[in-house]
Amino acid sequence: MDDNARVDILLVDDRQENLLALEAILEVLGQKLVKARTGQEALRCLLSQDFAVILLDVQMPGMDGFETAALIRERERSRHTPIIFLSAFSTSEQFVFQGYSLGAVDYLLKPINAEILLSKVVVFVELFRKTEEVKRQASQLAVINTELKRSENNLQDFLDNANDLIEVLSLKGEFLYVNRIWIDTLGYNNENLKAMTYLDVIHPDYRRQFDEAMQTVKSNRFNLTLETVFLTRQGREVFVEGSLNCRFEQGKPRAIRCIFHDVSERKQAEKTHAQMLFEQIGRLQAEEANRMKDEFIAMVSHELRTPLNALLGWSSLLRMRQLDSATTKRALEAIERNASLQAQVIDDLLDISRIVTGKMHLSVTEVPLKEMVEVALGSVRSNAEAKAIQLEMHLEPELGSILADANRLQQVICNLLSNAIKFTPEEGKITVAVKRDVTNAQITISDTGIGINKEDLPYIFDRFRQVDSTYTRSQGGLGLGLAIVKNLVELHGGRVEVQSPGRGSGATFSVFLPVNQEALLPSDVIENNAENNAMIESEICLKGLKILIVDDQADLREYLFTLLGEMGADVVLAESAQEAFNLCQLQEPSVLISDIGMPFEDGYQLIQRLRQNGYKLPTIALTAYARNEDYKRALAMGYDMHLSKPIDPKTLTAAIARIVERSL
């Protein structure tokens, strides 16, 4: 038996054989038997232990059993400990009565009947155990009650000193509890609250909303957030926000708990704070934009200035001097050659612009994967050989074809290969692997180059982003190549990913392209319309058409006036939406060509006014807003066609002819 589960029994007798006899009788109980040979020794045991029962011999030398019992009863701790007197010499009633007067529970004569002794001791052992359990439970209960009281006091203190307005409402809306801040803020006292409901402190405009919230939480076990307005006793409005929930007992709603925070000052300051934040963000964005702009300009300025010097120089000579025919010819050739160089630089930059503005269109055909990758590798092989870089290619045997723009897809692979060659040291290695499954074709290009830092990986496809943008960087470039790759791949409905263990550990770029897809271009885009292409190839006459041009840019108005006038059209110009609307009333034009972004009233507002007033003339939106969503919005607002600036003259005249023919 566990020592902690046993109880103590004190055996007191001056004779060792008597103690052994008692021990032999009681050992079957499995309890802890403590033996003492004298009264003094028994008292010492009682100083440190509590006993379930004491078996005390009456006749002992020195201090007899009665004297020992008297001293035991004087101590508070042992005053009620059961004592059974044991005696072998006297049956006098006087001794028996003396024993009971000292608090004995029994008086047994020796020789002891074992069964009787056992039965009596068992009773006191069980009684001791139960008494100790009651004491333990009482002690625990006292601790729990103390803790509950402390928790209750802490909770009350917390609620009263909270910054929130806390209220508990009955299901009928009566106030069961409000905290101190609630009273201090709204000015009501406990006497006022006895005759009030929650509706008395809610602004009339918000009562229905609050009542609906009350009804909702009564049937649901979740918090309901709410903004409302309280009224103080003096009628002042207090803007609050917070939550309501319902307390349920045995599945039934009992009370509504509400916690609200006073946000009056916050609402007052929100406009100022939002404005300050907006200005701060604006400044940071402007600073970042200026930094990126300065870096970008620094990187491309020499590419533009070199041909520009020749252009300006020869142009000045042609204007200032009368040159001979041979020199004039050389001047014009130089101007054309350097203009072409500038155009090439600008075309590289405009690739990203076309993507951003939605003007990058794909010419989708069936592209054999194997041949396309081999051509791309062939175009960069000489550059790789110049650095003694090993090129490896791993192609699955059955790659087949995919729907893609062959030129743009080859541009993607060449950009990635050129990038790998640029950042791979001499005698490095580049591996190209191509595979496909039922849904995707995957092109993977891995190198043993300088790698990419982990913190730079999320930004590697950003426009104008370079890991090293200083003037001393070892590699050139404008930071556009990977951005163009990402956007071209996404135009194909695919995705591109990059992985690198870190600086000095190489990099791996993976391109995933869907095997089956359709071109994602609107059917009415002029550049891809076969009917319009046929019209562009032929001479178009606009004679007899009265065309109204609306644009706030004078140079563009004059250009269109000259262009369309030479085609035979009667051109009318307007510099604002209001002027255009007035001219439509006076001159009844055949076609309207309008800019979108104009001051005071834009092109969308103009077309709405015209359509609402019954004007059904053909209309074209000619605008620098060139995203796909701009195209869709223009048609949705009432335009018949959307063209993006800058526009090719033949494309514009073909569009006019087509839209007039459609309206006939």
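Rules behind the numbers
Residues numbered from 1 in each chain as written. Predicted model: local features only at pLDDT ≥ 70, side-chain atom pairs only at ≥ 80, totals over all residues. Heavy atoms only, no water. Helix = DSSP H or I, 4+ residues; strand = E, 2+ residues; numbered from the N terminus. Buried < 20%, exposed > 50% of the residue type's maximum accessible area, 1.4 Å probe, protein only. Contact = heavy atoms within 4.5 Å. Areas by Shrake-Rupley, 256 points an atom, 1.4 Å probe, with all protein chains shown as cover. Arc of directions from axis to C-beta. Pairing = 2+ DSSP bridges. Axes fitted to C-alpha atoms, helices over the stretch in contact; angles between N-to-C directions. Phe/Tyr/Trp six-rings, centres within 6.5 Å; stacked < 30°, edge-to-face > 60°. Parallel < 35°, antiparallel > 145°, perpendicular 65-115°, else oblique. Left-handed = near helix turned anticlockwise from the far one by under 90°. Nonpolar A, V, L, I, M, F, W, Y, C, P; charged D, E, K, R; others polar. Patch = residues over 30% accessible without salt bridge, like charges linked within 9 Å, V, L, I, M, F, W, Y side chains within 5 Å. Salt bridge = Lys/Arg side-chain N within 4 Å of Asp/Glu carboxyl O.

## With respect to the overall build of the chain
Each helix and strand in the chain was counted, giving 19 helices and 22 strands. Classification of the 664 residues of the chain by burial places 39% in the buried group. The contacts in the chain between residues at least 6 apart in sequence include a share of 62% that link residues at least 24 apart. When the accessible surface of the chain is summed, it comes to about 37,700 Å², and 52% of that surface belongs to carbon and sulfur atoms.

## Some remarks on helix H1 (residues 16-26)
Within H1 the residues assigned to the buried category are Leu-19, Leu-22, Ile-25 and Leu-26. Projected onto a plane normal to the axis of H1, the buried residues spread over an arc of 125° and lie on a single side.

## Here we look at unusual backbone geometry
Cis geometry marks the peptide bond from Lys-110 to Pro-111, where omega comes out at 0°. Assignment of secondary structure puts Pro-111 in the loop between strand S5 (104-109) and helix H5 (114-161). For Gln-250, which is not glycine, the phi torsion reads 55° and is therefore positive. Residue position: Gln-250 is located in the loop between strand S9 (237-249) and strand S10 (252-262). Residue Gln-250 is classed as exposed on the basis of its relative accessible area of 81%. A positive phi is found at Phe-600, a non-glycine position, where the angle reads about 70°. If you trace the backbone, Phe-600 turns up in the loop between strand S20 (591-594) and helix H17 (603-612). By relative accessible area, Phe-600 is classed as exposed at 89%.

## Brief notes about the pairing of strand S13 (residues 401-404)
Side chains Ile-402 and Ala-404 of S13 all project onto a buried face; the interleaved residues Ser-401 and Leu-403 project onto a face where none is buried. When strand S11 (residues 365-368) meets S13, the two strands line up antiparallel, connected through 4 bridges. Opposite Pro-368, over in S13, you have Ser-401 as the bridge partner.

## Observations regarding helix H2 (residues 39-48)
All buried positions along H2 are accounted for by Gly-39, Ala-42, Leu-43, Cys-45 and Leu-46. Looking down the long axis of H2, one finds its buried residues gathered within 155° of arc, a one-sided arrangement. Residues of H2 that are exposed and angled more than 90 degrees away from the buried face: Arg-44, Leu-47 and Ser-48. For H2, the elements touching its buried residues are strand S1 (8-12), strand S2 (32-36), strand S3 (53-57) and helix H3 (65-74).

## Things to note about the pairing of strand S6 (residues 165-170)
Of all the 6 residues making up S6, 6 are buried; the element is thus mostly covered by neighbouring parts of the structure. Neither face of S6 is open: one carries Leu-165, Glu-167 and Leu-169, the other Ile-166, Val-168 and Ser-170, and all of them are buried. For S6 and S10, the ladder comprises 6 bridges, and the chain directions are antiparallel. For Leu-165, the partnering residue across the bridge sits in S10 and is Phe-260. Pairing between S6 and strand S7 (residues 175-178): 3 bridges, direction antiparallel.

## With respect to the sheet that holds strand S19 (residues 570-574)
The 5 strands are arranged S19-S18-S20-S21-S22 in an open sheet whose pairing can be described as parallel. The sheet is open, and its two edges are formed by S19 and strand S22 (641-644), each paired on a single side. Strand after strand, the sheet turns through a mean of 20° between neighbouring axes, direction not considered. Alignment of strand S18 (residues 546-550) against S20, held across 4 bridges, turns out to be parallel. By the bridge assignment, Ile-549 is partnered in S20 with Ile-593. Those strands touched by helix H15 (residues 554-566) are S18, S19, S20 and strand S21 (619-623), and its axis lies near 170° from that of S19.

## Overview of the packing of aromatic side chains
Enumeration over the complete set of coordinates arrives at 9 aromatic pairs. Summarising the aromatic geometry, the rings of Phe-581 and Tyr-615 are spaced 6.3 Å apart at their centres and angled 75° between planes, so their arrangement reads as edge-to-face. Residue Phe-581 is found in helix H16 (residues 577-587), and its partner Tyr-615 is found in the loop between H17 and S21; the two are separated by 34 residues along the sequence. An aromatic cluster is present here, built from Tyr-198, Phe-210, Phe-230 and Phe-260 joined pairwise through their rings.

## Focus on the packing of H2 against H3
Closest axis-to-axis distance for the H2/H3 pair is 10 Å, and the angle between their directions is 20°. Classed by the angle they form, the pair H2 and H3 counts as roughly parallel. As for the relative orientation of H2 and H3, their crossing is right-handed in sense. On H3, the residues that touch Gly-39, Leu-43 and Leu-46 of H2 are Thr-68, Leu-71 and Ile-72.

## Comments concerning the packing of helix H12 (residues 406-422) against helix H13 (residues 481-491)
For the pair H12 and H13, the least separation of the axes is 9 Å and the interaxial angle reads 145°. Note that H12 runs across H13; the crossing there is left-handed. For the pair H12 and H13, the contacting residues are Arg-408, Gln-411, Val-412, Asn-415, Leu-416 and Asn-419 in the first and Gly-481, Leu-482, Ile-484, Val-485, Leu-488 and Val-489 in the second. Tallied by class, the residues present in the contact of H12 with H13 amount to 7 nonpolar, 4 polar and 1 charged.

## Here we look at the sheet that holds S6
Strand order in the open sheet made by the 5 strands is S7-S6-S10-S9-S8, with antiparallel pairing throughout. Edge positions in the sheet fall to S7 and strand S8 (224-231), since each has one partner strand and no second. Shown here is a sheet whose adjacent strand axes are inclined to one another by a mean of 30°, direction ignored.

## Details of a nonpolar patch on the surface
A cluster of nonpolar side chains, namely Leu-141, Ile-144 and Leu-148, defines an oily patch on the protein surface of about 290 Å² accessible area. Inspection of the secondary structure puts Leu-148 in helix H5.

## With respect to the pattern of salt bridges
Summed over all chains, the structure comprises 23 salt bridges. Notably, a salt bridge pairs Glu-241 with Arg-266, separated by 2.8 Å at the nearest N-O pair. With Glu-241 in strand S9 and Arg-266 in helix H9 (residues 264-320), the pair connects residues that are 25 residues apart, well separated along the chain. Given a relative accessible area of 25%, Glu-241 falls into the partly exposed group. On the basis of relative accessible area, Arg-266 is assigned to the partly exposed category, the value being 36%. Residue Asp-640 pairs with Arg-611 through a salt bridge whose shortest N-O separation is 3.4 Å.

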